[in-house]
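Breakdown of the fold
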Amino acid sequence: MSVSVVLFTADLRLHDHPPLRAALEGRRQVVPLFVRDRAVTAAGFAAPNRLAFLADCLRDLDAGLRERGGQLVVRSGDVVEEVCKAAAEADADEVHLSADASAYAHSRERRLRRALEADGRRLYVHDAVTAAVAPGTVTPASSDHFAVFTPYFRQWSGQRLRDVLTAPRAVRLPPGIGSEELPSRAALPGLSPGLAEGGERAGRKRLTAWLRSGIAAYADRHDDLAGDATSRLSPHLHFGTLSPVELVHRARRAGGPGAEAFVRQVAWRDFHRQVLAARPAAARADYRAKHDRWRSERTARDDIEAWREGRTGYPVVDAAMRQLLHEGWMHNRARLLTACFLAKTLYVDWRIGARHFLDLLVDGDLANNQLNWQWVAGTGTDTRPNRVLNPVTQAVRHDPDGAYVRRWVPELAEIAGAAVHEPWKLPAPDRARAAAYPDPIVGLADGLARFKRARSRD
């Protein structure tokens, strides 16, 4: 019987998995392989929260494969070397892989193809597995990618998505293929205490609950900080325990303004992936340079530490940063506020903030993280690059009674209502009760003036 290898990467699921279904065609035996890539660790992307979520995902994937007669094969080392070794051990004639957007993924694919072809084996790369619409599928007439979201979304919305595939009923593993022990989050130090559970089962359970009771109100409530009314599916999209194609199909079947708003967010994710695929340097360099002379880690050390630790003196910013520390996740509106505060009010290099987010976020996706940071910093795809979000105005709008702030900033728990957003204005007795909370590290007017001078807008 012929044998295929399926290299799992950011697609750790059995439902709607085109590479796995293609590998099983003709009743082939399959080696479901995951390689713990030493290059990811060397590059500093193996953050504890994501390693823990990954461990959950791998254990759940292995359990699902065992229910179908197979097993997940785990190896560690160089991806190309380990795939070629596994293919040789199983005498496999083909390898299947999901396409991805980063420069590293493209380099890995090229290296793997050359190595497999040298051994007389073929590599098949499948699109629309980690994205609903693959990078390069829709392009403007004058460029290889869209640099503005709205025209991209118009074309994206007109694409016919592929059909959703069911999970296979059986997966037959060839004999004699060894595997390392599955990782466990129990062995990992430094995790956020409120870190969510990973794995396809957990993701599908959350998706079902979201479609039943959350998506209908999403258009009205997605910016409600205290209401926590977003889907929280981003970690499952990042690790591929849920299919973006399936999400769009199921949201469209649900219908209504909430579903439309949710699908738009999936499209934003695809938009950033097509930008990064076309301009891989945007992961580290300005997409549209504004010739900023950012404050560095050295020159802004105290301000950066206050931001990281949630003690800037601006309650909504501090609440969001403490949520990140506790959960390894942050509300989307809060991400915009905290990023804008660092990049524009404190005028600190956006790469410093992006790195901190990647150190903690369980959904720390290179395309989404870096390009959202650039959007906020005004060096990315925002058509209004000099906009500045006022944290107090935003807090009053999106946390009107202060419940989000009081949840995460216990020093202010006794301050009722919207007054919690400006504790420096409290009457002396109330301010004394919140004495443990710091004063603002910078005046908003001073921060805005500095930013305008730096961008030559004053």
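Residues numbered from 1 in each chain as written. Predicted model: local features only at pLDDT ≥ 70, side-chain atom pairs only at ≥ 80, totals over all residues. Heavy atoms only, no water.

What follows deals with the overall build of the protein. Looking only at helices and strands, the protein has 20 helices and five strands in total. Along the first, second and third principal axes, the C-alpha set of the protein runs to 80 × 45 × 45 Å. Classification of the 458 residues of the protein by burial places 55% in the buried group. Looking at the protein alone, contacts between residues at least 24 apart form 79% of all its contacts between residues at least 6 apart. (Helix = DSSP H or I, 4+ residues; strand = E, 2+ residues; numbered from the N terminus. Buried < 20%, exposed > 50% of the residue type's maximum accessible area, 1.4 Å probe, protein only. Contact = heavy atoms within 4.5 Å.)

The positions that UniProt labels "domain: Photolyase/cryptochrome alpha/beta" (unreviewed entry) are, in the present scheme, residues 2-131. Taken as a whole, residues 2-131 contains 45% helix and 23% strand, while its terminal C-alpha atoms sit 30 Å from one another. (UniProt positions renumbered as here; feature names shortened; annotations may be inferred.)

Quick look at the sheet that holds strand S1 (residues 3-8) now. Strand order in the open sheet made by the five strands is S3-S2-S1-S4-S5, with parallel pairing throughout. Strands at the two margins of the open sheet, each flanked by one partner only, are strand S3 (73-77) and strand S5 (122-126). In this sheet, adjacent strand axes meet at a mean angle of 30° when their direction is disregarded. Packing of helix H5 (residues 103-118) onto the sheet brings it into contact with S1, strand S2 (29-37), strand S4 (94-98) and S5, and relative to S5 it is tilted by some 155°. (Pairing = 2+ DSSP bridges. Axes fitted to C-alpha atoms, helices over the stretch in contact; angles between N-to-C directions.)

Before going further, it helps to examine a nonpolar patch on the surface. Nonpolar side chains collect at one region of the surface, where Val40, Phe45 and Tyr104 lie side by side and expose about 220 Å² of accessible area between them. On the accessibility criterion, Phe45 (31% relative accessible area) is partly exposed. (Patch = residues over 30% accessible without salt bridge, like charges linked within 9 Å, V, L, I, M, F, W, Y side chains within 5 Å. Areas by Shrake-Rupley, 256 points an atom, 1.4 Å probe, with all protein chains shown as cover. Salt bridge = Lys/Arg side-chain N within 4 Å of Asp/Glu carboxyl O.)

Below, the discussion takes up the pattern of salt bridges. Throughout the structure, instances matching the rule amount to 39 salt bridges. One salt bridge connects Arg75 with Glu89, and the closest N-O pair in it is separated by 2.9 Å. Separated by 14 residues along the polypeptide, Arg75 in strand S3 and Glu89 in helix H4 (residues 79-90) bring together distant segments of the chain. Look at Glu89 and you get partly exposed, because its relative accessible area is 45%. What you see here is one network of salt bridges that share partners, running through Asp60, Glu67, Arg68 and Arg201.

What follows concerns helix H16 (residues 366-377). Each α-helix winds once per 3.6 residues, and so residues spaced three or four apart point in a common direction. Here H16 contains 12 residues, and its C-alpha end-to-end distance of 16 Å stays within 8% of the 16 Å for a straight helix at 1.5 Å per residue. Taking burial as the measure, the 12 residues of H16 include nine buried ones, the bulk of the element. The complete set of buried residues in H16 reads Ala367, Asn369, Gln370, Leu371, Trp373, Gln374, Trp375, Val376 and Ala377. Packed against the buried residues of H16 are helix H11 (257-278), helix H12 (301-309), helix H14 (332-345) and helix H15 (350-360). Between a side-chain oxygen at the N-terminus of H16 and the backbone nitrogen of Ala367 the separation is 3.1 Å; the capping residue is Asp365. Directly after H16, the chain includes Gly378, whose backbone phi takes a positive value near 85°. (Expected span 1.5 Å × (residues − 1). Polar contact = N/O pair within 3.5 Å; in protein donor to acceptor, adjacent residues only side chain to side chain.)

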